[in-house]
Amino acid sequence: MKLFSLSVLYKGTTKSNLLKAAYDLSSFSFFQKSSVQEFMTFTSDLIVQRSSIGSRASVKEQEYLCHVYVRNDSLGAVVIADGEYPSRVCFTLLDKVLEEFSRQVSSIDWPSGSPDTVHYTALDSYLAKYQNPREADAMSKVQAELDETKIILHNTMESLLERGEKLDDLVQKSEHLGNQSKAFYKTARKQNSCCEVM
Amino acid sequence: MKVCTDAASRYPSNYNAWSHRIWVLQNMAQGNLKVLHDELSSMREWVSMHVSDHSGFHYRQFLLKALVRELSQSMHHHHAPWPSLGSSSPRSPSPDPQPGHPPHQANGEATAAAPCPSPATPEDQSSVAAVPQLFHQEMELCTDLIQSFPGHETLWCHRRHIFYLWHHWRRDHDHHEGQGRGSEFPQLNHTDDGLSRHPHTASPRGVGLDRVESRNGQAQEGQNAMEVDGVGVPDPRDTKRLKRGPPDPCPPALPSEHGFVASVLDGCRSPEQGCFALAYRKWLDSVIGQ
């Protein structure tokens, strides 16, 4: 079971803003790494944009599960995990990270911040620590606060989109993806083969 | 072995990597108890982090089968001190001068040709104790993982395999040891070598006794040929040997398995977990319950 990325974003009115991110790309081959990272950023951004304020959701895309929590103050976090990693622990992690982040980084900086300007360094260590869910979290079976029935489940990324919207278009327009990644995405889609990353 | 681990980590449910690992063990460490034990313990961590990797668990099933076979062989050898036997190859069922399987002739011919099995040797005792202990530990691991990571079918499949193996071993074992029972088991508790590491291991009440389930109100109060201290419930004074940690220290048994399913269904929030639990119960009733 694995965690691949952990990001904190701000959900603005028209778009979301990446504030900080950490990645564990050790399971990807050298040539894939940069594309994988870009797609994970793209995905996290899109998910936060399409999630309502004050909601939690899990989005399944191939063998990945993206868990998101957008707080009432529009601060959100996304963790991308594999299918084995227990989602309950993911949501605990998201809560924790957002709480700490909001204490350390003033909310004034959220709408305009970027990974370079934001001072928050704990994401990498959280990502590393939580690779082993049982060590990181007592995994208490009774979680009174978190009502799991309220977590929205999306079976594909597509279900996040508006009617008529195409993922291909969003990929094309995205600032997070470099040209190589976009080209790779296009080829993979054309060949109808599972784009390993998206 | 490192190559196998590496490959297994890169590609989920990697049948090839694991069958190669099995091949390596069979061809380079045949019958080596220490290797089998080491593998079992070193793979514990791995399977805990790859809970839907069926091949990893299948490997544990293989290890258990191999261990049980080795331990059962050594057990039955001590009961049949034929000079000609030597140490039979663990893998050859056929080239055996004795009629039938070595284990089967243990009781019958041993009593005829050799002096009655007197106080069993220490190796014999620890072999006897080791098998239920192995199953108990494996079931515990399975329980732990099922509870920590709800909704993984692999874990339930693994549970079926282990319980099935245990069920059949116990049936076969009880069948063979019919004669020597009284003398053999009470001495189980005196072997602290194998058991000292595990404070709450196989019940001192003997092997797989379904009836000693105090939860069902059937606690054996009086003397029982299998019990050393003659009590049906743990004596609070005897804390050292009978130190109980988590609730159920008994080797796996049908009632306790039903209890487990009930507890899972009780606290369960994942629909898949509920389905798997019910399917397991159905399996218990239809396959084991016969």
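Residues numbered from 1 in each chain as written. Chains lettered and ligands numbered in written order. Predicted model: local features only at pLDDT ≥ 70, side-chain atom pairs only at ≥ 80, totals over all residues. Heavy atoms only, no water.

**Quick word on the pairing of strand 2 (residues 16–23) of chain A**
Residue and element names in this part refer to chain A. Taking burial as the measure, the 8 residues of strand 2 include 6 buried ones, the bulk of the element. With 7 bridges joining them, strand 1 (residues 3–11) and strand 2 adopt antiparallel strand pairing. Each residue of the ladder has a partner; that of Val8, found in strand 2, is Lys20. The antiparallel hairpin formed by strand 1 and strand 2 contains 4 residues in its connecting segment. (Buried < 20%, exposed > 50% of the residue type's maximum accessible area, 1.4 Å probe, protein only. Helix = DSSP H or I, 4+ residues; strand = E, 2+ residues; numbered from the N terminus. Pairing = 2+ DSSP bridges.)

**Notes on the interface of chain B and chain A**
Across the contact, 14 residues belong to chain B and 15 residues belong to chain A. With both sides pooled, the region where chain B packs onto chain A buries about 1100 Å², and carbon together with sulfur makes up 48% of that total. A per-residue breakdown of the area chain B buries against chain A is headed by Met49(B), Phe149(B) and Arg269(B), which together make up 56% of the total. If you look at where chain B meets chain A, you find 1 salt bridge. Between Asp144(B) and Arg134(A) there is a salt bridge, with the nearest N and O atoms lying 2.8 Å from each other. Run the count over chain B and chain A and you get 5 residue pairs in polar contact (both at pLDDT 80 or more). Elements represented by at least two residues in the side of chain B that touches chain A include exactly helix 3 (33–49) and helix 6 (122–148) of chain B. With 4 residues, helix 6 of chain B is the largest single contributor of residues to the side of chain B that touches chain A. Split by residue class, the side of chain B that touches chain A holds 4 nonpolar, 6 polar and 4 charged. (Contact = heavy atoms within 4.5 Å. Buried area = accessible area lost by both parts, 1.4 Å probe. Salt bridge = Lys/Arg side-chain N within 4 Å of Asp/Glu carboxyl O. Polar contact = N/O pair within 3.5 Å; in protein donor to acceptor, adjacent residues only side chain to side chain. Nonpolar A, V, L, I, M, F, W, Y, C, P; charged D, E, K, R; others polar.)

**With respect to the UniProt feature "domain: Longin" (unreviewed entry) in chain A**
Using the residue numbers shown here, the UniProt feature "domain: Longin" (unreviewed entry) corresponds to residues 8–127 of chain A. Within the segment residues 8–127 of chain A, helix and strand shares are 33% and 28% respectively, and the terminal C-alpha atoms sit 12 Å apart. (UniProt positions renumbered as here; feature names shortened; annotations may be inferred.)

**Concerning the pattern of salt bridges**
Counted under the stated rule, the structure contains 11 salt bridges over all chains. One salt bridge in this structure joins Glu99(A) and Arg103(A), with 3.8 Å as the shortest N-O distance. One end of the pair is Glu99(A) and the other is Arg103(A), both in helix 2 (residues 87–104) and 4 residues apart, which spans about a single turn. A salt bridge links Glu138(B) to Arg60(B); the shortest N-O distance between them is 2.7 Å. One end of the pair, Glu138(B), is in helix 6; the other, Arg60(B), is in helix 4 (residues 54–79), with 78 residues separating them in the sequence. Overall, the relative accessible area of 2% leaves Glu138(B) in the buried class.

**Concerning the environment of Val97(A)**
All names here are of chain A. Checked against the element boundaries, Val97 lands in helix 2. For the pair Val97 and Gly76, spaced 21 residues apart in sequence, the C-alpha to C-alpha distance is 9.7 Å. Leaving out residues up to four positions away in the same chain, Val97 has contacts with Leu6, Val8, Tyr120, Leu123 and Tyr126.

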